[in-house]
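One letter stands for each residue in the lines below.
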Amino acid sequence: MTDMPDTTTTGNPSHDAPGDVVDDAAGYYREGDPIADTKSPDDQPVERRWSERKFSARMANPAKRRTLSVIVVGTGLAGASAAATLGEAGYQVKTFCYQDSPRRAHSIAAQGGINAAKNYKGDGDSVYRLFYDTVKGGDYRSRESNSYRLAEVSVNIIDQAVAQGVPFAREYGGLLDNRSFGGVQVSRTFYARGQTGQQLLIGAYQALERQVAAGTVETFTRHEMLELVVVDDGSGPRTRGIITRDLVTGAIDTHIADAVVLATGGYGNVYYLSTNAMGSNVTASWRAHRKGAFFGNPCYTQIHPTCIPVSGTHQSKLTLMSESLRNDGRIWVPKDPADVTRDPRDIAEEDRDYYLERIYPSFGNLVPRDIASRQAKNMCDEGRGVGPEVEGVRRGVYLDFADAIARLGRPAIEAKYGNLFDMYTRITAEDPYQTPMRVYPAIHYTMGGLWVDYDLQSNLPGLFVAGEANFSDQGANRLGASALMQGLADGYFVLPNTIRDYLADGPFDTVPDDHPAVVEARASVQERIDHFLTVNGTRSVDSYHRELGNIMWEYCGMERSAEGLRKAIDLIRSLRDDFWRNVKVLGDSESLNQSLEKAGRVADFFELGELMCIDALHRRESCGGHFRAESQTEDGEALRHDDTFAFVSAWEFGGESGARELGTPVLHKEDLVYTAIEMKQRSYK
């Protein structure tokens, strides 16, 4: 992974009127009809909308629920909690995951905590403040109704998790403890040392297994969804099932249900190097997109500021260091570039630049992730990066706990962060109790995802999307500790209350195996598999994935420009064409074949990567994690343009020719309207 090239700023054009904005993406897309979220009761005050929607959603009686079936793809926090809750309600549920156990979902890797507006610290927190911080942190590009609901539901998640036995940290008196995360000035993050995701996933997994034992949930492990089954029943398209491949035997199977829920996580692995598990992919979402589901804000990716830096070209993934470390650790670089090779313990206090504390005195080291990431890049671009040189550049800044250890004592730091420090030591062979950690930004979460309405239903009837796989709650930048909150909110409390409105019309007609939609879906899966196994080229799947990732990081990473994005689109198209003609996949399709698995996932990453660049090219503003070089203030901060871009970009698949050439994607815009909050330029100074 290499750093962004130097980009020349073309000035700060005036955006007083929409006509002033040059459409850099003209020719890359077609304009479609506007889209709207019709399920949110926007005529109600924001604090009443969720209660109103729950009351108005239709219901099915317990006897009828036993006749209704739901497929849940993905068994992380969102998927496991949704499947467990739907099973508890009496629906017949099937779950699918490509891991050997739901406990292997990437949710287990989350470290620092989960937000909830309980105000246990008495420091002024509230549901409204969490809502405000979420919308502001997302740079005013998230839905007002969804963000408020997320904050409102957050208070129930902690009670649910405690009842399941999740061992949250507690104060001396036994009360649940809290700490702060970036982008906020209160302590609202509940945590279990640096293992919060693991503990919450175990809780959800136990709830899921209880329903497995009760007979309401059937689990399919080591099964990968490769296609969506969409049936036109005379009233229009309706999602009715999925096509899967058994990753052990290679068997292709059809599974039909009354509704399908995708809870398959984010697509950060399009960058190759990211903090995601290596198996994380976009295939389930992308197969749905190709069948007609709109993809919302694909260019909105989050760069996490505190990851272990790249150490060489041998790496296949990056390791996250929890943002919670910024509570007690201070971030700095040497003031003098000549000091970057010195032992940091020998650099005097007056020769250190605590740049976040200097630039953003109100928030200091707890500024949002996108801001902390860009400033770390700026320090390294100035030649003040630390650590070993990789491809001629030092990419690292110090995260120093010396002051915290002196103030609190080493035992207190060990109690809060001990497992994180141990992990850092194992990976770097350095002791962070003695020497400052070195961290650098890396691809982490993705705010974009399949477009959904207030009910979490996509524009394809019967297809629901939960957790990170949907776009709805986080806007252009996610606050730290809100991923776990959204996943569990969607799974435990939102989806079970909204999917019943759709299922009230079921059960739907049986779909036989010889139905044309099923036959077409199975044939498309088999054709892709056959192609990968017979092309017999000269390059490995991983080599293509790494090259694609380099392109995405260079031109659609922390900083983007029109020139760079156009170049990226050309490079991706050329590389994708070579991939289909020259990839080499060994083995067969009747057994475990990880090279074959990767080939299908990378093929979808190519198409997603192109759409991400087109979306970034079209959005000529700096917003959250999306920083356009052409749109910045005089002091280098992000410059948003609400008069032109206050909308969700919902992209429709443009089709494909027989030569695997992609058609022109269609852009549908959903206007963002705020009634309970004022849109303003973010400031954390």
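Scoring rules and cut-offs
- Residues numbered from 1 in each chain as written.
- Predicted model: local features only at pLDDT ≥ 70, side-chain atom pairs only at ≥ 80, totals over all residues.
- Heavy atoms only, no water.
- Pairing = 2+ DSSP bridges.
- Helix = DSSP H or I, 4+ residues; strand = E, 2+ residues; numbered from the N terminus.
- Contact = heavy atoms within 4.5 Å.
- Axes fitted to C-alpha atoms, helices over the stretch in contact; angles between N-to-C directions.
- Core = buried A, V, L, I, M, F, W, Y, C linked by side-chain atoms within 4.5 Å.
- Buried < 20%, exposed > 50% of the residue type's maximum accessible area, 1.4 Å probe, protein only.
- Domains from an automatic or database assignment.
- Parallel < 35°, antiparallel > 145°, perpendicular 65-115°, else oblique.
- Left-handed = near helix turned anticlockwise from the far one by under 90°.
- Nonpolar A, V, L, I, M, F, W, Y, C, P; charged D, E, K, R; others polar.
- Phe/Tyr/Trp six-rings, centres within 6.5 Å; stacked < 30°, edge-to-face > 60°.
- Lys NZ or Arg CZ within 6 Å of the ring centre and 35° of its normal.
- Expected span 1.5 Å × (residues − 1).
- Bend = angle between axes of the 7 residues up to and from the residue.

Peer 1: Explain the sheet that holds strand S19 (residues 449-450) here, please?
Peer 2: Through backbone hydrogen bonds, the strands of a sheet pair up, either in parallel or in antiparallel fashion. Within the open sheet, the 5 strands sit side by side as S1-S22-S21-S11-S19. Their pairing is mixed. Looking at the sheet topology across the chains shown, the edges are occupied by strand S1 (30-31) and S19. Alignment of strand S21 (residues 647-652) against strand S22 (residues 666-671), held across 6 bridges, turns out to be antiparallel. Note on S22: the bridge partner recorded for Trp651 is Leu667. Across the sheet, helix H16 (residues 594-618) lies against strand S11 (295-296), S21 and S22, angled at about 145° from S21, the strand it touches most.

Peer 1: Can you walk me through the nonpolar core in this structure?
Peer 2: Taken as a class, soluble globular proteins show a tendency for nonpolar side chains to be buried jointly. Counting residues in hydrophobic clusters, the biggest one holds 182 residues, and the most contacted among them are Ile114 and Leu262. Looking at this core element by element, the count peaks at 13 residues for H16. Residue contributions to this core reach at least three from each of two domains, namely domain 1 (303-444) and domain 2 (516-681). Core analysis: the second largest hydrophobic core is formed by 8 residues, Tyr272, Leu273, Leu318 and Val390 among them.

Peer 1: Where do I start with the packing of helix H3 (residues 77-89) against helix H12 (residues 483-503) in this structure?
Peer 2: Working note: a packed helix pair is described by the angle between its axes plus the distance between those axes. Contact pair H3 / H12: the axes reach a minimum separation of 8 Å and the direction vectors enclose 30°. For the element pair H3 / H12, the angle class is roughly parallel. When you trace H3 past H12, the crossing you get is right-handed. Each of Leu77, Ala78, Ser81, Ala82, Thr85 and Leu86 in H3 lies in contact with H12, whose residues at this interface are Leu484, Gly487, Leu488, Gly491, Tyr492, Leu495, Pro496 and Ile499. When grouped by side-chain class, the residues that make up the contact of H3 with H12 number 10 nonpolar, 4 polar and no charged.

Peer 1: Quick question: what am I supposed to make of the packing of helix H7 (residues 283-290) against H16 here?
Peer 2: Look at H7 against H16: their axes get within 10 Å of each other, and the N-to-C directions meet at 60°. Classified by the interaxial angle, the pair formed by H7 and H16 is oblique. The two elements H7 and H16 cross, and the hand of that crossing is left-handed. When H7 is examined against H16, the residues Thr283, Trp286, Arg287, His289 and Arg290 are found in contact with a partner set consisting of Gly600, Arg601, Asp604, Glu607, Leu608 and Leu611. Grouping the amino acids of the contact of H7 with H16 by side-chain chemistry returns 3 nonpolar, 3 polar and 5 charged.

Peer 1: Explain the packing of aromatic side chains here, please?
Peer 2: For any two aromatic rings, the description comes down to two numbers: the centre-to-centre distance and the angle of the planes. Enumeration over the complete set of coordinates arrives at 26 aromatic pairs. Centroid distance Phe421 to Tyr433: 4.6 Å. Interplanar angle 45°. Geometry classified as tilted. Pair noted here: Phe421 is in helix H11 (residues 410-428) and Tyr433 is in the loop between H11 and strand S18 (437-446), with a separation of 12 residues, a long-range link. On the accessibility criterion, Phe421 (0% relative accessible area) is buried. Residue class for Tyr433 comes out buried when judged on its relative accessible area of 13%. Three or more aromatic residues joined by ring pairs make a cluster, and in this case those are Phe532, Tyr544, Phe579, Trp580 and Phe606. In this arrangement the basic side chain of Arg660 is found over the ring face of Trp580, its NZ or CZ atom lying 3.9 Å from the centre.

Peer 1: I tried to follow helix H5 (residues 144-163) on my own but got confused; where do I start?
Peer 2: The periodicity of an α-helix, 3.6 residues per turn, causes residues three or four places apart in sequence to face the same way. For H5, which comprises 20 residues, the first-to-last C-alpha distance of 30 Å matches the rise-based estimate of 28 Å (1.5 Å per residue) to within 8%. Of all the bends in H5, the greatest measures close to 35° and is centred on Ser154. Phi for Gly165, located one or two positions after H5, is positive at around 95°.

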